[in-house]
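# Structural overview for review
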Number of protein chains: 2
Amino acid sequence: MEITSVNNPLVKDALKLHQKKYRDMFNLFIVEGYHLFEEASKFDIIKYIFTTDKSIKGDNVFYVTNQVLTKLAKTKSPQKVLCVCHKLKNKDITNKVLILAGIQDPGNLGTLLRSALAFEFNTVILDNTVDLYNDKVIRGTQGAMFYLNILEMKAVDFINEYPEYIVYGTALDGIPLEKIRIQKELAIILGNEGQGLTSKILNKTTNNITIRTNDVDSLNVGVAGSIIMHYVSRLPF
Amino acid sequence: MEITSVNNPLVKDALKLHQKKYRDMFNLFIVEGYHLFEEASKFDIIKYIFTTDKSIKGDNVFYVTNQVLTKLAKTKSPQKVLCVCHKLKNKDITNKVLILAGIQDPGNLGTLLRSALAFEFNTVILDNTVDLYNDKVIRGTQGAMFYLNILEMKAVDFINEYPEYIVYGTALDGIPLEKIRIQKELAIILGNEGQGLTSKILNKTTNNITIRTNDVDSLNVGVAGSIIMHYVSRLPF
């Protein structure tokens, strides 16, 4: 049996997940394409699979027409598979934490999650960022999000609740990256693309760091965060 | 006098610059917004300025209606100024060179140009990439492109014509970044987002490097390139 109508109730429910309010209401989100389908499969979070690929089989697989799949997808030339997934569950806070306060660009959030996993900042805290389950963020993470412990929390609350962590903010007038003291429990906070970190947060950090450049301009926040995480990952604590 | 019609010949010519073929034909491109206008002003490349801001004055300033400006702009909520600029001229090849072979995402190209300037890779060679004068690339560079020497050339031709350079490719099975030998003339080559570098290029490099990660996935190419350039910029040659 193949779903041929976009008015099919399952399809209508899935279409709602293009909006954040319904993702929050149903605690579900959509991932597109074979790579993310494979990654999601490892984590037991898939609720439904919509596909035009008859080689994919299972109780929760629904075959659809190209037209229905195209409607469900946010990419212009979608791959043949798309899944509705349960949102990710929180795990324990790890030793290395990345805190993102105000990141608004989906590409930057995706990139930072991908780098966080690569450099073993396995907990990521989102404070007033673009929605994690935005389709562009999900594509940008390339599946890294499934492996991470990602939670929503105010940066300032984290600092108050976890005093054992050394917490570095990022600021243009900070100490050079090379001067940071590495310890087991360490958090890095990155701010908004335009404004950087708020003074409220900067005043609560252990110290603030900067990456030395030729001084013409600041770096893209995804790049800056990745350079810092790479640097920390290479040092013994 | 204010231009009120999108059929005005100057406006019609500028609109053509949304297409690469006309940018190449006229050797012109468009930049949007106050920041890029200011940056472009430093380099004597502005041909026309279209604006709704009466505080901007000059022989090459044309006041336009909001409607005309919105039509000329590629951003959804454009700032009040937009310039038609002459394409950038080539300068001498510098000691540190970034070679981009096959980068297709405008955001990645913009980020890499911004990081190249920050870490003083002042020559960037484009081999089969997305167009430098694409509006998203220009926005991504934040003006960095004006300061750089950017030229189109095959990566392999660069290696043949500049044998004094030590040339590092990037490959998942490369030597660790920390093992690279720094010398005065040094080039880094980054490849396509999906495929990486071609074997044709990989076989011509002095050596190939990799950034050690937790092994789940590779890094975004903009991040990888920026980490390498940051690393090189911190070492004495």
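Calculation rules
- Residues numbered from 1 in each chain as written.
- Chains lettered and ligands numbered in written order.
- Predicted model: local features only at pLDDT ≥ 70, side-chain atom pairs only at ≥ 80, totals over all residues.
- Heavy atoms only, no water.
- Helix = DSSP H or I, 4+ residues; strand = E, 2+ residues; numbered from the N terminus.
- Buried < 20%, exposed > 50% of the residue type's maximum accessible area, 1.4 Å probe, protein only.
- Contact = heavy atoms within 4.5 Å.
- Areas by Shrake-Rupley, 256 points an atom, 1.4 Å probe, with all protein chains shown as cover.
- Lys, Arg positive; Asp, Glu negative; His and termini not counted.
- Charge placed at Lys NZ, Arg CZ, Asp CG, Glu CD.
- Least-squares fit on C-alpha atoms with pLDDT ≥ 70 in both.
- Polar contact = N/O pair within 3.5 Å; in protein donor to acceptor, adjacent residues only side chain to side chain.
- Salt bridge = Lys/Arg side-chain N within 4 Å of Asp/Glu carboxyl O.
- Phe/Tyr/Trp six-rings, centres within 6.5 Å; stacked < 30°, edge-to-face > 60°.
- Axes fitted to C-alpha atoms, helices over the stretch in contact; angles between N-to-C directions.
- Parallel < 35°, antiparallel > 145°, perpendicular 65-115°, else oblique.
- Nonpolar A, V, L, I, M, F, W, Y, C, P; charged D, E, K, R; others polar.
- Arc of directions from axis to C-beta.
- Domains from an automatic or database assignment.
- Buried area = accessible area lost by both parts, 1.4 Å probe.

Turning our attention to the overall build of chain A. Helix and strand counts for chain A come out as 10 helices and 11 strands. With the C-alpha coordinates aligned to their principal axes, the bounding extent of chain A is approximately 65 × 35 × 30 Å. Taken over 237 residues, chain A has a buried fraction of 54%. Residue pairs in contact within chain A that sit at least 24 positions apart in sequence constitute 74% of those at least 6 positions apart. Summing over all exposed atoms, chain A offers an accessible surface of approximately 11100 Å²; the carbon and sulfur share of this is 47%. Positive and negative side-chain charges of chain A, numbering 28 and 25 respectively, have mean locations separated by a distance of 4 Å.

Mapping chain A onto chain B leaves a residual RMSD of 0.0 Å; the transformation is a rotation of 180° accompanied by 0.0 Å of translation along its axis. Expressed as a symmetry operation, the mapping of one chain copy onto the other fits a two-fold axis. By residue overlap, the copies meet face to face through one surface: 100% of the interface positions of chain A are interface positions in chain B.

A few words now on the side chain of A:Thr205. Residue and element names in this part refer to chain A. Structurally, Thr205 can be placed in the loop between α9 (199-202) and β11 (207-210). Within polar-contact distance, the side chain of Thr205 engages the side chain of Asn208 at 2.8 Å. Setting aside chain neighbours within four positions, we find Thr205 in contact with Ile159, Val167, Tyr168, Gly169 and Ile189.

A word on the pattern of salt bridges. Residue and element names in this part refer to chain A. Per the counting criterion, the structure on display carries 20 salt bridges over all chains. A salt bridge links Lys16 to Asp13, with the nearest nitrogen and oxygen atoms 4.0 Å apart. Linking Lys16 with Asp13, this pair stays in helix α1 (residues 9-16), spanning 3 residues, or about one helical turn. Among the residues examined, Asp13 registers a relative accessible area of 41% and is labelled partly exposed.

Our focus in this paragraph is the packing of aromatic side chains. The final tally for this structure, using the stated rule, is 20 aromatic pairs over all chains. For the ring pair A:Phe158 and A:Tyr162, a centre distance of 4.8 Å and an interplane angle of 20° mean the geometry is stacked. Residue A:Phe158 is classed as buried on the basis of its relative accessible area of 0%. Aromatic pair B:Phe50 and B:Phe62: ring centres 6.1 Å apart, planes at 40°, arrangement tilted. Here B:Phe50 is found in strand β3 (residues 46-51), whereas its partner B:Phe62 is found in strand β4 (residues 61-64), with 12 residues between them in sequence. With a relative accessible area of 0%, B:Phe50 lands in the buried category.

All names here are of chain B. Where helix α5 (residues 106-118) meets helix α10 (residues 221-234), the axes come as close as 9 Å, and the angle between the chain directions of the two elements is 10°. By the angle between their axes, α5 is roughly parallel relative to α10. Contacts from Asn108, Leu112, Ser115 and Ala116 of α5 reach α10 at Val221, Gly222, Gly225, Ser226 and Met229. For the contact of α5 with α10, the residue count by class is 4 nonpolar, 5 polar and no charged.

As a further point, take helix α1 (residues 9-16) of chain B. All names here are of chain B. The set of residues buried in α1 consists of Leu10, Val11, Ala14 and Leu15. Taken around the axis of α1, the buried residues stretch over an arc of 135°, which confines them to a single face. Next to the buried residues of α1 lie β1 (2-3), β2 (28-32), β3, β4, α4 (66-72) and β5 (81-86). Its side-chain oxygen 2.8 Å from the backbone nitrogen of Leu10, Asn8 forms the N-cap of α1.

Bringing the domain arrangement of chain A into the picture now. All names here are of chain A. Each assigned domain of chain A is listed with its residue range as follows: domain 1 (2-86) and domain 2 (96-234). Taking only C-alpha atoms into account, the centre of domain 1 sits 31 Å from that of domain 2. Contacts between the two partners involve 14 residues from domain 1 and, on the opposite side, 11 residues from domain 2. When the area that domain 1 buries against domain 2 is broken down by residue, the three leading residues are Phe29, Leu36 and Phe43, summing to 38%. Taken together, domain 1 and domain 2 are joined by 1 salt bridge. The residue Asp131 makes a salt bridge to Arg23 at a minimum N-O spacing of 2.7 Å. The interface formed by domain 1 and domain 2 includes 5 residue pairs in polar contact (both at pLDDT 80 or more). Every element with two or more residues in the side of domain 1 that touches domain 2 is listed here: α2 (20-26), β2 (28-32) and α3 (34-41). Top contributing element to the side of domain 1 that touches domain 2 by residue count: α3, with 4 residues. Here the side of domain 1 that touches domain 2 is composed, by residue class, of 7 nonpolar, 2 polar and 5 charged.

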